[in-house]
There are 2 protein chains.
Amino acid sequence: MASRLTPERESELYTAVLDLLREVGYDALTMDAVAARTRSSKATLYRQWGSKPQLVVMALRHDKPVQLGEIDTGSLRGDFEVILERTDDCRLEKDAALMRGLAHAVHDNPDLLQAMRELLVEPEMNGLDEVLQRAVRRGEVAADNPALKLIPHMLIGAFVARPLIEDRPVDAAFLTAYVNAVVLPSLGA
Amino acid sequence: MASRLTPERESELYTAVLDLLREVGYDALTMDAVAARTRSSKATLYRQWGSKPQLVVMALRHDKPVQLGEIDTGSLRGDFEVILERTDDCRLEKDAALMRGLAHAVHDNPDLLQAMRELLVEPEMNGLDEVLQRAVRRGEVAADNPALKLIPHMLIGAFVARPLIEDRPVDAAFLTAYVNAVVLPSLGA
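What counts, and at which threshold
Residues numbered from 1 in each chain as written. Chains lettered and ligands numbered in written order. Predicted model: local features only at pLDDT ≥ 70, side-chain atom pairs only at ≥ 80, totals over all residues. Heavy atoms only, no water. Helix = DSSP H or I, 4+ residues; strand = E, 2+ residues; numbered from the N terminus. Buried < 20%, exposed > 50% of the residue type's maximum accessible area, 1.4 Å probe, protein only. Contact = heavy atoms within 4.5 Å. Areas by Shrake-Rupley, 256 points an atom, 1.4 Å probe, with all protein chains shown as cover. Lys, Arg positive; Asp, Glu negative; His and termini not counted. Charge placed at Lys NZ, Arg CZ, Asp CG, Glu CD. Phe/Tyr/Trp six-rings, centres within 6.5 Å; stacked < 30°, edge-to-face > 60°. Lys NZ or Arg CZ within 6 Å of the ring centre and 35° of its normal. pLDDT = per-residue confidence, 0-100. Salt bridge = Lys/Arg side-chain N within 4 Å of Asp/Glu carboxyl O. Arc of directions from axis to C-beta. Buried area = accessible area lost by both parts, 1.4 Å probe. Nonpolar A, V, L, I, M, F, W, Y, C, P; charged D, E, K, R; others polar. Domains from an automatic or database assignment.

Across its full length, chain A holds nine helices and zero strands. Each helix and strand of chain A, placed in order from N terminus to C terminus, yields the pattern α-α-α-α-α-α-α-α-α. Counting only C-alpha atoms and orienting by the principal axes, one finds that chain A spans roughly 55 × 40 × 30 Å. When the 189 residues of chain A are sorted by exposure, 43% land in the buried category. Partitioning the intrachain contacts of chain A with sequence separation of at least 6 by distance along the chain shows that 67% fall at a separation of at least 24. Total accessible area on chain A is roughly 9900 Å²; 52% of this is exposed by carbon and sulfur atoms. Across chain A, the mean location of the 22 positive side-chain charges is 4 Å away from that of the 29 negative side-chain charges.

Set out below in structure tokens:
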């Protein structure tokens, strides 16, 4: 019977995958390289994760410190404050560098795009939706407010536009200002 | 003395540049190819535009049907309605295809990024700013509303996030809904 990996060993593997991703990029990151770096067998990697895109995306997901859906302070403003507090500038910079590399790879690898959508984007969107639905149930946001479905668009805009327009990366101070000036007013909160 | 091109001839040249851009992409678009396609001399092209990135960006700019700053209906909502009316779906799709190609090229060509910033992004941002400043002078928007500086971020978010999240391109109906749900509420208008 195939033994399952311990959480510590899994975490070690994910860290190695992200290190490799930053060092060589997605295309040059092979299952052989991951096996060599982590002293594991390729058979184990394939048994556990199925494919390279899934392994890469699960590594990205593991690296996320916060599950959005679990944040529940009792007010929408408070929930956003916690989300922003757990976002530090150093982390944002590392994430941005990783995402730039992956944005490129996604064009040539539809399976990577698919895995990112299913394993990374959708769980984050569902988590955000839980936070928003709690605000609706508390009466902070109208259930038919059309902005409820547009929060990811607003946030992605902040991340993409700042480097483009202002030639500066997104930092926690900018994100806080953006949430207060754009996200919360659009929700009428 | 160097003769200047007529507006008709200039327009013809810009159309040829955009056609070539869609056909072969930025890297393969050479001044030789533009000269051959338009039956003009390379000397004329360089004299008039200085360089390939400048020629390409001026062609993109020429293709913009609306100068935002000139729109002045008397209300912010009305100004946005005119901007959105002049935006048709077919055009949005052509623009998006062009932009995807250029987003790639911009990574390897800092001079293209520079030309796009100076000749395309900044004039558009200044035009948008004129529209917004008129709304401030009419008392529709508070002069210190922090969202005034964040409209490009919101709009870029709409364009980038929709294909990413919903797997659909931006169309005029979506843009209208987004402006009403996000942009105008953040301005308190």
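What follows deals with the packing of aromatic side chains. Residue and element names in this part refer to chain A. The final tally for this structure, using the stated rule, is four aromatic pairs over all chains. On the basis of an interplanar angle of 65 degrees and a centroid distance of 5.5 Å, the ring pair of Tyr-14 and Trp-49 is categorised as edge-to-face. One end of the pair, Tyr-14, is in helix H1 (residues 7-28); the other, Trp-49, is in helix H3 (residues 42-49), and 35 residues separate them in sequence. Take Trp-49: its relative accessible area is 8%, and that puts it in the buried class. It is Lys-52 that lies over the ring of Tyr-26; its NZ or CZ is 4.3 Å from the centre.

The next point concerns the confidence of the model for chain A. Detailed reading of the predicted model is not advised wherever pLDDT is low. When pLDDT is averaged across chain A, the result is 88; 97% of the residues are at 70 or more. Both confidence scores are given for the complex: pTM 0.78, ipTM 0.77.

Residues and elements named next belong to chain A. On inspection of all chains with the given rule, the structure shows 18 salt bridges over all chains. Between Arg-138 and Asp-72 there is a salt bridge, with the nearest N and O atoms lying 3.9 Å from each other. Remark: Asp-72 occurs in the loop between helix H4 (52-62) and helix H5 (76-85) and Arg-138 occurs in the loop between helix H7 (110-137) and helix H8 (151-166); sequence separation between them is 66 residues. The exposure class assigned to Asp-72 is partly exposed, which follows from its relative accessible area of 48%. For the salt bridge of Arg-162 with Asp-171, the shortest nitrogen-to-oxygen distance reads 3.7 Å. Here the salt bridges do not stand alone but share partners, grouping Asp-72, Arg-134, Arg-138 and Glu-140 into one network.

All names here are of chain B. The complete set of buried residues in helix H3 (residues 42-49) reads Thr-44, Leu-45 and Trp-49. For H3, the arc enclosing every buried residue in end-on projection is 100 degrees, short of the 170-degree limit, so these residues lie on one face. In this fold, the buried residues of H3 make contact with helix H1 (7-28), helix H2 (31-38) and helix H4 (52-62). At the C-terminal side of H3, Gly-50 shows a positive phi close to 85 degrees.

Our focus in this paragraph is the interface of chain B and chain A. Across the contact, 26 residues belong to chain B and 26 residues belong to chain A. Ranking the residues of chain B by area buried against chain A places B:Arg117, B:His153 and B:Ile165 at the top, with a combined share of 27%. There are zero salt bridges connecting chain B and chain A. Residue contributions to the side of chain B that touches chain A peak at 13 residues, all from helix H8 (residues 151-166) of chain B. Of the residues belonging to the side of chain B that touches chain A, the class tally is 18 nonpolar, four polar and four charged.

So, on to the domain arrangement of chain A. Residue and element names in this part refer to chain A. Under the domain assignment, chain A is made up of domain 1 (1-59) and domain 2 (64-189). The C-alpha centroid of domain 2 is placed 27 Å from the C-alpha centroid of domain 1. Both faces considered, domain 1 and domain 2 share a buried interface measuring about 910 Å² in area, 79% of it formed by carbon and sulfur atoms. Contact with domain 2 buries area across many residues of domain 1, yet Arg-22, Tyr-26 and Val-57 alone supply 56% of it, more than any other trio. Residue assignment for the side of domain 1 that touches domain 2 shows that the elements contributing at least two residues are H1 and H4. Counted by class, the side of domain 1 that touches domain 2 contains six nonpolar, one polar and two charged residues.

Turning next to the environment of B:Val170. Locating B:Val170 in the fold gives a position in the loop between H8 and helix H9 (172-186). Along the chain, B:Val170 and B:Glu93 lie 77 residues apart, while their C-alpha atoms are 7.9 Å from each other.

Bringing H4(A) into the picture now. For H4(A), the full list of buried residues reads A:Lys52, A:Pro53, A:Leu55, A:Val56, A:Val57, A:Ala59 and A:Leu60. Contact partners of the buried residues in H4(A): H1, helix H2 (31-38), H3, helix H6 (89-108) and H7 of chain A.

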